[in-house]
Structure formats: structure tokens, C-alpha cells
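Letter by letter, the chains look like this.
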Amino acid sequence: MTSSPAPLLLLDDQLAVIAASTSFCEVFGADAAELTGQPLYALDAGEWDSPALRSLMTATLAGEGTPGARDIDLDRPWRPVRHLIVQARRLTYLDLEQTRILVAVSDVTDMRADAVSKEDALHENSVLLQEVRHRVANSLQIIASVLLQNARKTRSDETRGHLKDAHHRVMSVAALERLLSTSEDGDIEVQAYFRNLCENIATSMIGDVDQISLTVEGGEGVVDARVSVSLGLIVTELVINALKHAFPDGRSGKITVDYNFHGPNWVLCVRDDGVGISLATPRRTGLGTNIVRALAGQLNASVEVTPEHPGTQVSIKHTQIALVQDEPETAGEPLAAARPKPNAIRG
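Trainee: Would you explain the environment of Ile101 in this entry?
Mentor: Relative to the helices and strands, Ile101 is located in strand 5 (residues 100–107). Its relative accessible area of 0% is what places Ile101 among the buried residues. Along the chain, Ile101 and Leu15 lie 86 residues apart, while their C-alpha atoms are 7.6 Å from each other. Every residue in contact with Ile101, bar those within four places of it in the chain, is listed here: Leu9, Leu10, Leu11, Asp12, Leu15, Met57, Thr60, Leu61, Ala88, Arg89 and Arg90.

Trainee: Where do I start with the sheet that holds strand 7 (residues 212–218) in this structure?
Mentor: The strands that make up a sheet are held in pairs by hydrogen bonds between backbone atoms, and each pair lies either parallel or antiparallel. With mixed pairing, five strands are arranged side by side in an open sheet as 7-9-10-12-11. At either margin of the open sheet sits one strand with a lone partner, and together these are strand 7 and strand 11 (302–307). Strand-to-strand twist of the sheet, defined as the mean angle between neighbouring strand axes without regard to direction, takes the value 15°. Judged from the six bridges that link them, strand 11 and strand 12 (residues 312–318) form a sheet pairing that is antiparallel. Each bridged residue has a counterpart across the sheet, and for Thr306 the counterpart in strand 12 is Gln313. Helix 8 (residues 225–245) contacts strand 7, strand 9 (253–262), strand 10 (265–272) and strand 12 of the sheet and is inclined by roughly 20° relative to strand 10.

Trainee: Hey, could you run me through the pairing of strand 2 (residues 17–20) in this one?
Mentor: Remember that side chains alternate between the two faces of the sheet whenever the strand is regular. For strand 1 (residues 8–11) and strand 2, the ladder comprises three bridges, and the chain directions are antiparallel. By the bridge assignment, Leu10 is partnered in strand 2 with Ala19.

Trainee: Looking at this structure, I do not really get the packing of aromatic side chains. What am I missing?
Mentor: Each aromatic ring pair is specified by the distance between its two centres and by the angle formed by the two planes. Tallying each qualifying case throughout the model produces six aromatic pairs. Measuring from ring centre to ring centre gives 5.9 Å for Phe24 and Trp48, while their planes differ by 40°; the resulting arrangement is tilted. In this pair, Phe24 is assigned in helix 1 (residues 22–28) and Trp48 in the loop between helix 3 (43–46) and helix 4 (51–61), connecting sequence segments 24 residues apart. For the pair Phe24 and Trp48, one class covers both residues: buried. One aromatic cluster is present, formed by Tyr193, Phe194, Tyr259 and Phe261 through successive ring pairs. When the ring centre of Tyr41 is taken as reference, the NZ or CZ atom of Arg54 above it lies at 4.0 Å.

Trainee: For this particular structure, what's the right way to read the pattern of salt bridges?
Mentor: When the charged atoms of two side chains lie near each other, side chains of opposite charge can form a pair. With the rule as written, the count across this model stands at six salt bridges. Across the pair Arg271 and Glu217 runs a salt bridge whose closest N-O atoms are separated by 3.4 Å. Taken together, the positions of Arg271 in strand 10 and Glu217 in strand 7 put the pair 54 residues apart, joining distant regions of the chain. Residue Asp258 is joined to Arg271 by a salt bridge in which the shortest nitrogen-to-oxygen separation is 3.5 Å. Residue Asp258 is located in strand 9, and its partner Arg271 is located in strand 10; the two are separated by 13 residues in the primary sequence. On the basis of relative accessibility, which here comes to 13%, the residue Asp258 falls in the buried class. Residue class for Arg271 comes out partly exposed when judged on its relative accessible area of 25%. Residues participating in the shared-partner salt-bridge network are Glu217, Asp258 and Arg271.

Trainee: Just checking my understanding: could you explain helix 9 (residues 287–298) for this structure?
Mentor: Side chains three or four residues apart in an α-helix point the same way, a direct result of the helix having 3.6 residues per turn. For helix 9, with 12 residues, the first-to-last C-alpha span of 17 Å sits near the 16 Å given by 1.5 Å per residue. Among the residues of helix 9, Val292, Leu295 and Ala296 are the ones counted as buried. Viewed end-on, helix 9 has its buried residues packed into an arc of 100°, placing them on one side of the element. Elements that come into contact with the buried residues of helix 9 comprise helix 8, strand 11 and strand 12. A positive backbone phi angle near 55° is found at Asn300, which sits one or two residues after helix 9.

What counts and how
- Residues numbered from 1 in each chain as written.
- Predicted model: local features only at pLDDT ≥ 70, side-chain atom pairs only at ≥ 80, totals over all residues.
- Heavy atoms only, no water.
- Helix = DSSP H or I, 4+ residues; strand = E, 2+ residues; numbered from the N terminus.
- Buried < 20%, exposed > 50% of the residue type's maximum accessible area, 1.4 Å probe, protein only.
- Contact = heavy atoms within 4.5 Å.
- Pairing = 2+ DSSP bridges.
- Axes fitted to C-alpha atoms, helices over the stretch in contact; angles between N-to-C directions.
- Phe/Tyr/Trp six-rings, centres within 6.5 Å; stacked < 30°, edge-to-face > 60°.
- Lys NZ or Arg CZ within 6 Å of the ring centre and 35° of its normal.
- Salt bridge = Lys/Arg side-chain N within 4 Å of Asp/Glu carboxyl O.
- Expected span 1.5 Å × (residues − 1).
- Arc of directions from axis to C-beta.

Following this line, the structure appears as C-alpha cells:
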């Protein structure tokens, strides 16, 4: 025992030290000869005497199986506090009258200090990242305002339309950065994100909310930052497209953003009850359509355009066979199987 690399003590039935390993003496600066015969609770001028240690030794002497380890703070005068993990086991000999207790001690002071340092560093980085995202959101809003001012000044209807589209795209990213600046773990609650996004679009593009409504439906779920950017831009493009083409000549109607998660599979739909489209009529592929298809491709999702009666529905679908059965509802990961965290889309 004395040559064990781990700090060990061998005690008798009165909890007096019979022997100490060399490593115990080195770690705690003790002399093996001086330790012999000392009561356990008297070590280091009584600093080892703690309720946690007494509870451990009482359970061990009573033969209550193998008691769990105890955390003990060794608070010694003029020296830093040491954090210890103590385990004890009763040894059974053929001579039943002889009781021996083996005590193993692990000094985790440095390990805990490192853990605290890492936690502090992570917290500091998180605060800095949130501040950066807040500043990015402010900068994007300034850029969006400049685009909108230029759109109002230009005399070209085509240029004005392009500038307004750019304004809405920048605002969608700004809304995301604003939410990320208040998120502690980088995850975005998708319902809050879509609602905030659609409120911004409605404010800038819908003059009369009684004539055209924009609503968000769907269950709760979270997405990580990378995926949320793609989903937000997809919603922005599809909603803007519906506002431009679904309700001509002052027609009233409704646009709905709907999303549903099931296991690793998810569906995002934007539908309107406007004039609709004819799939038989060739349609010009614009920048918005190309953006939606490119973003869907990044998420390994398909784009489906379905005529409704009335209106049109565009569905972004990600279908993947779940690798884990009987799991609660989770949102799919575009590039991987479902994760244990419920209702989460991962990038």
C-alpha cells in the first residue's frame, strides 16, 4: 500500500492511522511515522474533521456496502483551500475481530480551478459575441435605412423595387442578429424568430393590415444560427413574392408562414389565398426564386410549388429517415441524424 501512486490511508476500527502511502505523505506534506497512530479527524490540526467525512466513515464502519465519495474542503490556516474527494472501503479479513478501513483521497483543487477558469472564459466570450451581434444588428439596420432612402429618391420603378428587396433581405438578417444577441446558447426559438421577421416585413410592406394579413403558425422548436439564417431568408423571399404577385389591384387576402417538425424531418410552408398561378404557364425565374432554391439546397431540402384553391403554397421539405425510434418530436438536422435535444434543427 505504501508504494501506491494514489494517496491512501489504512485505518483501524477506531479510525486511527495504521499506515499512509508515500504519495499521501508527498501530497499533504506529512511524515509517515508521525501519521501512524493519529486519529483521522485529528489530521492537519483537526482540519480533516468535517460532517461529510464523519458521514462517510460512519457508513463505512456500519458496513453499508460501498458508500459514495464525499467532497471535502481542507481549509488550513495561511494556506489555500484544497478540494478533496474521499472514498472509503471496509476491508474484510479472515480474522473477523480485526477491522480495517482503506481511505483513498483525490486532490481536485487544480482541476476545479481549471474548470472555473474555462467557465469564466466561455462566459466572457459569450458576452463579447452577444455584444458583437448587437452591433452587427445596428449596422445592418443603418444599411437597410440607407437602401430605403435611396429607393424613395430614385425615379426608376425597377431600381426602386430592387432597392426595397435588398432592404427587406438586410432587415431579415438584422432581425436574426438581434435575436442572437439575446440568446445565451446560440439557439433561436423559431416561432419567435418568424413572428419578429414577419412583423418587420408587414410594417414596411403592408399598408393596410386589415386588407392583407401575415400570420405565423406551427409548433415550438429551436434552430441553430446557421440554419436560422437560411430559413429566415427563405421566408423573407417567399413572403415578399406573395405580397408582390398574389394580391393585384387592391385584392385582400392572407399569407401564412407554417412550419412543422417531426423527428429529423421538417416542413416550412408559405401559402397565400391570392390569385394563384398556373403551372402550365411558363414562369420567369427571378432572383428571389433562385435564392430560395439555393438556400433550400444548402439545407438538403426540396422546393415544391402547389396551386391552392385559391392561392399558392410553396413548401420547403427536408425528409430523412430517423435513426433513433420512439424519440419525442425533434426537428431534423439537414446533414445528420436526429439529436437527443427535442425540437431542434441543427446545421
